[in-house]
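# Topology and contacts: notes
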Amino acid sequence: MVRLSIAVLSVVLGTTSLVAQQDPRARLFERGRRLWDSGAYTEALEAYLRLVRGAEEDEFLRQVALATGEVHEVDSVAADGHSVQFSADGRWAAYETGSSASTVTHIISAVDGGEVTRFPGRNFIFSPAGGRGAYLTIEEDEELRRVRAEIDELMAQRNRRAAFQLRGRAAMIEARLARVMVRDLRTQADNPLDLEGMVKTELAFSGDGNTIYFIGGRPEDPNEPPPLDVYAFSAFAATSLPLTSDGLPKSGLIALAGDAFLAFALGAGRVMVHDLNTGDMRSYDGTALTSAANGSAIAFLTRDGNVTTVNVVTPARSLEPVVVMRRDHPVRSPALSPDGRSVAVQVMPAHDWEIAVVRSDGTEERLLTSEIQHDRYARFLTNDVVMAAKGEGRHLRSYLYDIRTGEAVKLFHNNTVRTIAPEYEWAANADATKMLIVAERDGDTVSPERGVYLVHLDRVVGRQDLVVRLEANLGAERDLRARGAAMFAPVRDAVAALTESVSDARLSEYQSVLFGFDSKHVTQPGNLLAVEYLAETLRGFGYEPEYQWFEPRGARSANVVATLRGTEHPALVYVVSSHFDSNQRGPGADDNTSGTAILLEAARLFADHPLPATVKFAFFTGEEAGLLGSREFVRRAVRDGDLLVGALNNDMLGWANNHQLDNTIRYSNAGIRDLQHAAAFLFSDLITYDAKYYKSTDAAAYYEEYGDIVGGIGSYPVLGNPHYHQATDELSTINQDLMRETAKANIASIALLASSPSRLNGLTARRETGGRVAVQWSPSPEVGVNTYVVVYGPPHDPMRYTMRVAEPNVTIRAAAGITDVAVRAVNGLGLTGWDWARTAVADGR
């Protein structure tokens, strides 16, 4: 049924425009598609609903499903998990939760994702013969607990380097303590292998399931890594048999060709094939070892200077490698088709990764992708269908490609209009009818949990499920737009006048000057040139900029901060920031001259239009050296007692991967997120998506000290730019229309944030005698607040009831079943607070 998905795409891309002239349903679909492409989501969803409601199952339904989310049915398996895999017989699948000694393996049904069993252990593998599996289990000892406590203490002190070094020690102890267990999946009984005292790392089954191969060794010094060799433990023997004796580091253990051969990586640059019948070994210069699903072949890369070759070995025929591809540009990540007759690899003929495929005899080579973003991590689902992931390595989206036609179809989504769902792991069953995907489908990249999802490639979404999806999205989009319009209504005309004053010429000038300083990394001369340029430019706008000098990484540098004092409540501070330094490789046009230029333009426009609260325009140094400038800024703010109530941090705003002007809201605060969506659709042509995202960005510095007060815009679709941290991040790659529209949305966001009441503090709700709930909070610190909106309700509907009060307290009398309360302030202009203060009802009796 994978071919069905590919067929869907051919209709979406190729045929509808020809039919649209005469087929009313095709015309309606074309209207919906054009509206969706332009970001007019409400109108697009209305058109799609008219198309889908009451229709029979047909190709248009599948096209709408693909346009608005997933075309295949998807089941949620677990809220958190990793290390997904299927059994060879297709009956079971597995994933892990937790880490290190606390890892738990979950066995699930491959049909519906329902859990069959779980047990403590990691590195689980299924036997190819079916019915069994093997895994490692660890019982902690005092030494391991002590080392782990030291790691936790170092992380609390933010000494990540020392913690990382100590993790190696912990891993070695775990490998020594690990026991190999063989589990019968029918009875769930475990049989331990007698390998006491040995370090055990990787496991592999023979094809018949009667032998377990593992990489291990006996420590000669408890503080040093032991010599590692490959061992075999047969079901017909009581002890392990060493197959190698060199003691060198090994990894990537693979059983091949009907149990006649083993393959593994030796150190960092060698590949070994071991003939189990003769004991002979063949060594190759190579990396990135991989194998065909049927065990018939291996592939690996060999590098000689700038030239990389892709090699295939078919052990049953010959141990001589066949060079199937030779390139003088980067090549990575080979993958073999299930039958071993085709190879897919990442190649970089220009600036971004593409997927190329070639037959295992070196014929029929061709590019499978031609996307401006990176295409990565190809894997074959069938001999004709490849899955690859699009985007930057931390934030990928999967697609299916037919290698015969090159047609592509989106594989996974979260069926929402706005929220991005980064993916991290993929596994397919043997007949390519099911896939397990590990993803943050809720868009939350901050929490450690990553969901596990079962994709049914043999089932497409039905009409009723699609109607439910479209209705839910239409309701959410109408609500977002209505709330956004209400938020801005009292100041809409004034904000529009500001956003229309954005100057293309000035944005271009800022970028040109900053780019001309070359690399602005804290170790490079361009950094101090940028410091002085920013300060001089801000003085020209009428500010008295502050230099925050310090010595990051031993090099003297400074944040540059311009303060726009508030007219009504100057003690309340909003910060709008961008880092101006760049990666050492180059000037960093997108990362982050783009954000710096837009921040300068915002500072210029607000210089003569002060806001009720104070706004600080902060130009951070040292982001690329480890968030140094933002942490220095926040350190001083805490020291000085600054009352930071909200922040926007913008990073990488100017790169577009196609004709759409779109960008991502990266937030910790949902109120700011929704405000920024509204700023975009009310005052610009920018299309905005969102992801809960602040790790490893300057926004993290705010969050660490002030909590969830952060929003901001950056990099569609969360780091999709192939020039990210490359010397090719040049001005020619920046879309100036996108710069202008993002500047407008940013300016509108600042204007409303610093004009609206901030989030309230001190909210409590306590149940009293008689069931009443007494609610109180600290008065709003803003002047001119005359009303508070209080909402409350039961767990399934926490905002069911609404009341307005003038004082910072209220008693809810009919409070049976009420569990949640939220409050926000309203000022004299009618502007409501941009975020709710929320609390659960406590029992005060």
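Higher on the page you've got the structure.
A brief report on the enclosed structure follows.

Thresholds applied
Residues numbered from 1 in each chain as written. Predicted model: local features only at pLDDT ≥ 70, side-chain atom pairs only at ≥ 80, totals over all residues. Heavy atoms only, no water. Helix = DSSP H or I, 4+ residues; strand = E, 2+ residues; numbered from the N terminus. Rg over C-alpha atoms; globule rule 2.2 N^0.38 Å. Buried < 20%, exposed > 50% of the residue type's maximum accessible area, 1.4 Å probe, protein only. Contact = heavy atoms within 4.5 Å. Areas by Shrake-Rupley, 256 points an atom, 1.4 Å probe, with all protein chains shown as cover. Lys, Arg positive; Asp, Glu negative; His and termini not counted. Charge placed at Lys NZ, Arg CZ, Asp CG, Glu CD. Patch = residues over 30% accessible without salt bridge, like charges linked within 9 Å, V, L, I, M, F, W, Y side chains within 5 Å. Salt bridge = Lys/Arg side-chain N within 4 Å of Asp/Glu carboxyl O. Pairing = 2+ DSSP bridges. Core = buried A, V, L, I, M, F, W, Y, C linked by side-chain atoms within 4.5 Å. Polar contact = N/O pair within 3.5 Å; in protein donor to acceptor, adjacent residues only side chain to side chain. Phe/Tyr/Trp six-rings, centres within 6.5 Å; stacked < 30°, edge-to-face > 60°. Axes fitted to C-alpha atoms, helices over the stretch in contact; angles between N-to-C directions. Parallel < 35°, antiparallel > 145°, perpendicular 65-115°, else oblique. Left-handed = near helix turned anticlockwise from the far one by under 90°. Nonpolar A, V, L, I, M, F, W, Y, C, P; charged D, E, K, R; others polar. Expected span 1.5 Å × (residues − 1).

### Looking at the overall build of the protein
- Secondary structure assignment for the protein yields 17 helices and 48 strands.
- For a compact globule of 845 residues, the expected C-alpha radius of gyration is about 28 Å, and the protein comes in at 29 Å, within 12% of that figure.
- Taking the principal axes of the C-alpha coordinates as reference, the protein spans close to 85 × 70 × 70 Å.
- Here the protein, with 845 residues, has 58% of them falling under the buried criterion.
- Relative to all contacts within the protein whose residues are 6 or more apart in sequence, the contacts with residues 24 or more apart total 60%.
- For the protein, the exposed surface amounts to about 33700 Å²; the carbon and sulfur share of it is 48%.
- The distance from the centre of the 85 positive side-chain charges to the centre of the 109 negative ones in the protein is 3 Å.

### Some points on a positive patch on the surface
- A surface patch of like charges, here positive, comprises R317, R341, R359 and R366.
- Positionally, R366 belongs in strand β25 (residues 366–367).
- The partly exposed category is assigned to R366, whose relative accessible area is 32%.

### Concerning the environment of T239
- Position of T239 among the secondary structure elements: in the loop between β12 (229–234) and β13 (240–242).
- Ignoring sequence-local partners within four residues, the contact set of T239 consists of A232 and F233.

### A closer look at the sheet that holds strand β24 (residues 354–359)
- An order of β22-β23-β24-β25 is seen for the 4 strands of this open sheet, with the pairing classed as antiparallel. The sheet is open, and its two edges are formed by β22 (331–336) and β25, each paired on a single side.
- Direction of pairing for strand β23 (residues 342–347) relative to β24: antiparallel, over a ladder of 6 bridges. The residue of β24 that forms the bridge with V343 is V358.

### Here we look at the nonpolar core
- By size, the foremost hydrophobic cluster in this structure holds 72 residues, and its most contacted members are F488, L538, Y543, F606, F617, F619 and I750.
- In terms of residue count, the dominant contributor to this core is helix α17 (residues 736–753) (10 residues).
- Those residues within four positions of F606 in sequence are excluded, and the remaining contacts are L498, Y543, L564, L611, F617, I747, I750 and A751.
- Membership of the second largest hydrophobic core comes to 47 residues, among which are L51, M387, V461 and Y689.

### Things to note about the side chain of R397
- Its location among the elements puts R397 in strand β28 (residues 397–402).
- Comment: no salt bridge for buried R397; closest opposite-charge side chain is E423, at 6.7 Å.
- A polar atom in the side chain of R397 sits 3.0 Å from the side chain of Q373.
- One polar contact links the side chain of R397 to the main-chain carbonyl oxygen of H395, over a distance of 3.0 Å.

### Structural notes on the packing of aromatic side chains
- Applying the stated criterion to the full structure yields 22 aromatic pairs.
- With a centroid separation of 5.0 Å and an interplanar angle of 65°, the aromatic rings of F488 and F683 are classed as edge-to-face. Of this pair, F488 sits in helix α8 (residues 463–488) while F683 is found in helix α14 (residues 670–683), placing the two residues 195 residues apart along the sequence. This pair shows no difference in class: F488 is buried, exactly as F683 is.
- A ring pair is formed by Y694 and Y703, whose centres lie 4.3 Å apart and whose planes are at 25°; its orientation type is stacked.

### A closer look at unusual backbone geometry
- Look at the link from D591 to N592: it is a cis peptide, with omega at 5°.
- Summarising the element assignment, N592 is placed in helix α12 (residues 589–606).
- The phi dihedral of A288 falls on the positive side, at around 60°, and the residue is not glycine.
- Structurally, A288 can be placed in strand β18 (residues 287–291).

### Here we look at the sheet that holds strand β3 (residues 92–97)
- If you trace the 4 strands from one edge of the open sheet to the other, you get β2-β3-β4-β5, paired in antiparallel fashion. Among the strands making up the open sheet, the edge pair consists of β2 (82–86) and β5 (115–120). For this sheet, the mean inter-axis angle between neighbouring strands, taken without regard to orientation, is 15°.
- Relative to strand β4 (residues 104–109), β3 runs antiparallel, the two being bridged by 6 bridges.

### A closer look at the pattern of salt bridges
- Summed over the entire model, instances satisfying the criterion amount to 40 salt bridges.
- We note a salt bridge from D375 to K390, for which the minimum N-O separation is 3.0 Å. Here D375, found in strand β26 (residues 375–380), pairs with K390, found in strand β27 (residues 385–390); they are 15 residues apart in sequence, far enough to count as distant.
- A single network of salt bridges, built from pairs that share partners, joins E500, D504, D737, R740, E741 and K744.

### Examining the environment of G711
- Assignment of secondary structure puts G711 in strand β40 (residues 710–711).
- Put simply, G711 and N669 are 42 residues apart on the chain and 6.3 Å apart in space, counted from C-alpha to C-alpha.
- Once residues lying within four places of it in the same chain are set aside, the contact partners of G711 are A647, L648, N649, R666, Y667, I672 and Q676.

### Considering the pairing of strand β41 (residues 764–767)
- Burial along β41 is one-sided: the face carrying A765 and R767 is buried and the face carrying T764 and R766 is not.
- Relative to strand β42 (residues 773–776), β41 runs antiparallel, the two being bridged by 4 bridges. When the bridges of β42 are listed, T764 appears paired with Q776.
- Counted along the chain from β41 to the antiparallel partner β42, the turn is 5 residues long, and its residue G770 has a positive phi close to 90°.
- Sheet topology places β41 next to strand β48 (residues 842–843); 2 bridges connect them, and they run parallel. Bridge assignment links R766 to a residue of β48, and that residue is A842.

### Section: the packing of helix α4 (residues 41–52) against α8
- Taken N-terminus to C-terminus, the directions of α4 and α8 make an angle of 155°; their axes are 9 Å apart at the nearest point. Viewed along their axes, α4 and α8 adopt a mutual orientation that is roughly antiparallel. Like other packed secondary-structure pairs, α4 and α8 cross with a definite hand, here left-handed. Contact residues: Y41, T42, L45, E46, Y48, L49 and V52 in α4; R463, L466, V467, L470, E471, N473, L474, E477, R478 and R481 in α8.
- Residue composition of the contact of α4 with α8, by class: 9 nonpolar, 2 polar and 6 charged.

### Observations concerning the side chain of D581
- With respect to the helices and strands, the residue D581 is situated in the loop between β35 (569–579) and α12.
- Here D581 sits buried without a salt bridge, and the closest side chain of opposite charge, K520, lies 9.1 Å off (N-O distance).
- Side-chain polar atoms of D581 contact the backbone nitrogen of E623, separated by 3.0 Å.
- If we ignore the near neighbours within four places in the chain, the residues touching D581 are K520, H521, N527, D591, N592, F620, T621, G622, E623, E624 and A625.

### Observations regarding α12
- With 18 residues, α12 should reach 26 Å at 1.5 Å per residue; the first-to-last C-alpha distance of 24 Å fits that figure.
- Counting buried positions over the 18 residues of α12 gives 18, a clear majority of the element.

### Quick look at the pairing of β3
- Counting buried positions over the 6 residues of β3 gives 6, a clear majority of the element.
- By the alternation rule, side chains of β3 split into W92, A94 and E96 and A93, Y95 and T97, which are all buried.
- The pairing of β2 with β3 spans 3 bridges and is classified as antiparallel. When the bridges of β3 are listed, Q85 appears paired with A94.
- If you look at the hairpin formed by β2 and β3, you'll find 5 residues sitting between the two strands, and G90 has a positive phi there, around 80°.
- Two successive antiparallel strands, β3 and β4, enclose a turn made up of 6 residues, where G98 displays a positive phi of approximately 75°.

### What about the packing of helix α13 (residues 628–639) against helix α15 (residues 699–706)?
- Where α13 meets α15, the axes come as close as 8 Å, and the angle between the chain directions of the two elements is 30°. In terms of orientation, α13 lies roughly parallel with respect to α15. Crossing geometry of α13 relative to α15 is assigned as right-handed. Residues S630, R631, F633, V634, A637 and V638 of α13 touch α15, and the partners they reach there are A701, Y702, E704, E705 and Y706.
- Of the residues belonging to the contact of α13 with α15, the class tally is 7 nonpolar, 1 polar and 3 charged.

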